[in-house]
Amino acid sequence: MRQLIAGNWKMHGLSADAVALAKGVATGSAGLGCDLLVCPPFVHIAAVAQAIGGAPVAVGGQDCHAAKQGAHTGDVAAPMLRDVGATWVILGHSERRQNHHETDAQVRDKVLAAVEAGLNPIVCVGETEQERASGQETAVVGRQLAGSLPERFAGVVAYEPVWAIGTGKTATDADVAAMHGFIRDALVRQFGEAGRGILILYGGSVRPANAASLLAVPNVGGALVGGASLKAEDFLAIARAAKAG
Ligand code: PGA
């Protein structure tokens, strides 16, 4: 299976920055052995999709609402994302879970809305530093998977230990192997054979220098990249480290 290298631009950049970054990624996107995705802030999605043109780089949102429309001030519905050129959406990112108090049940409803709108969901899970320190990491991630994924699921899962996001600390290859193996088993229990085909991305301080070893860990199906996705050359260097599949 081809690995997926996804850039989460979070709340960075004005429109000119987003277009320049998108063009930089598009320019270097030919002939890679992996799939590429960029997830700009909502307001830049249409411009980024246009800047990418026919290059093999997909565009996604960083969240969506569970309802198709309605009185939800400040929210964005999944069909709206699809309408402006997105084909993917990140859901349940730890920054949404922490800053917006999103629950597993809400993430699950968003996944259903995304799929119904024709978007591929990337569902994020991951434990905090304290949860890992107290040996709770698999219990936490297992609970997040059980609660956030609907009965049928054909999207992507991203394991992002909260303590590794934006901190420069990365999980060791052994920790990643253990957790991705745990997630794989949970997916197979939950979805049968289909669970073997679900990509499990690793996220948390992925950079060009550590990408090759992380991407070579068994059950790592790609990377969800925050900070290093804001420079086209770094993002493309990570993509070049991906395994062709
Ligand atoms: P980071 O963010 O690469 O800056 O650690 C990853 C993410 O939050 O998706």
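Below you will find a few notes about this structure. Keep in mind that this is a model prediction, so the values were computed, not measured.

### Considerations on the pairing of strand E2 (residues 35-39)
Residues in a regular strand project their side chains so that they alternate between the two faces of the sheet. Most of E2 is tucked away: 4 of the 5 residues are buried. Pairing of strand E1 (residues 4-8) with E2, which is carried by 5 bridges, proceeds in the parallel orientation. In the strand pairing of E2, alanine 6 is matched with leucine 37. The pairing of E2 with strand E3 (residues 57-61) spans 3 bridges and is parallel. Looking across to E3, one finds that leucine 37 is bridged to alanine 58.

### Observations concerning the site of the ligand
Every one of the 13 residues lining the ligand counts as a neighbour, but Lys10, His93, Glu160, Gly166 and Ser205 are closest to it. For the ligand, an oxygen atom lies 2.7 Å from a polar atom in the side chain of glutamate 160. Separating an oxygen atom of the ligand from a backbone N or O atom of serine 205 is a distance of 2.7 Å. Residue classes in the shell around the ligand are distributed as 4 nonpolar, 7 polar and 2 charged.

### Some remarks on unusual backbone geometry
Located in the positive-phi region is lysine 10, a residue other than glycine, with phi close to 50°. With respect to the helices, strands and loops of the structure, lysine 10 is situated in the loop between E1 and helix H1 (15-27). Positioned with a positive phi, serine 205 is a non-glycine residue whose angle comes to about 55°. Turning to its location among the elements, serine 205 is positioned in the loop between strand E7 (200-203) and helix H9 (208-215).

### Quick notes on the packing of H1 against helix H10 (residues 232-241)
Closest axis-to-axis distance for the H1/H10 pair is 9 Å, and the angle between their directions is 35°. For the pair H1 and H10, the crossing hand works out as right-handed. Here Leu21, Gly24 and Val25 of H1 lie close against H10, whose contacting residues are Ala232, Phe235 and Leu236.

### Some thoughts on the pattern of salt bridges
Pairs can form between side chains of opposite charge whenever their charged atoms are close. Under the counting rule described, the total for this entry stands at 14 salt bridges. The residue glutamate 95 makes a salt bridge to lysine 10 at a minimum N-O spacing of 2.9 Å. Of this pair, glutamate 95 sits in helix H4 (residues 94-99) while lysine 10 sits in the loop between E1 and H1, and the two are 85 residues apart along the sequence. With a relative accessible area of 28%, glutamate 95 lands in the partly exposed category. The residue lysine 110 makes a salt bridge to aspartate 63 at a minimum N-O spacing of 2.8 Å. Of the two residues, lysine 110 is situated in helix H5 (residues 104-116) and aspartate 63 in the loop between E3 and helix H3 (78-83); the sequence distance between them amounts to 47 residues. The exposure class assigned to lysine 110 is buried, which follows from its relative accessible area of 10%. Salt bridges here are not isolated pairs; linked through shared partners, they connect Asp63, Arg96, Glu102 and Lys110.

### Structural notes on the sheet that holds strand E4 (residues 88-91)
Spatial strand order, E1-E2-E3-E4-E5-E6-E7-E8: 8 strands in a closed barrel with parallel pairing. The average angle at which neighbouring strand axes cross in this sheet is 25°, direction not considered. By the bridge criterion, 3 bridges tie strand E6 (residues 156-159) to E7 in an arrangement that is parallel. In the strand pairing of E7, tyrosine 159 is matched with tyrosine 202.

### Section: the packing of aromatic side chains
Scanning the entire structure with this criterion turns up 2 aromatic pairs. Arranged with centres 6.2 Å apart and planes meeting at 35°, the rings of phenylalanine 153 and phenylalanine 191 form a pair that is tilted. Residue phenylalanine 153 is found in the loop between helix H7 (137-148) and E6, and its partner phenylalanine 191 is found in helix H8 (residues 173-191); the two are separated by 38 residues along the sequence. As far as burial versus exposure is concerned, phenylalanine 153 and phenylalanine 191 are alike and both buried.

Definitions and limits used
- Residues numbered from 1 in each chain as written.
- Predicted model: local features only at pLDDT ≥ 70, side-chain atom pairs only at ≥ 80, totals over all residues.
- Heavy atoms only, no water.
- Buried < 20%, exposed > 50% of the residue type's maximum accessible area, 1.4 Å probe, protein only.
- Helix = DSSP H or I, 4+ residues; strand = E, 2+ residues; numbered from the N terminus.
- Pairing = 2+ DSSP bridges.
- Near = heavy atom within 4 Å.
- Polar contact = N/O pair within 3.5 Å; in protein donor to acceptor, adjacent residues only side chain to side chain.
- Nonpolar A, V, L, I, M, F, W, Y, C, P; charged D, E, K, R; others polar.
- Axes fitted to C-alpha atoms, helices over the stretch in contact; angles between N-to-C directions.
- Left-handed = near helix turned anticlockwise from the far one by under 90°.
- Contact = heavy atoms within 4.5 Å.
- Salt bridge = Lys/Arg side-chain N within 4 Å of Asp/Glu carboxyl O.
- Phe/Tyr/Trp six-rings, centres within 6.5 Å; stacked < 30°, edge-to-face > 60°.

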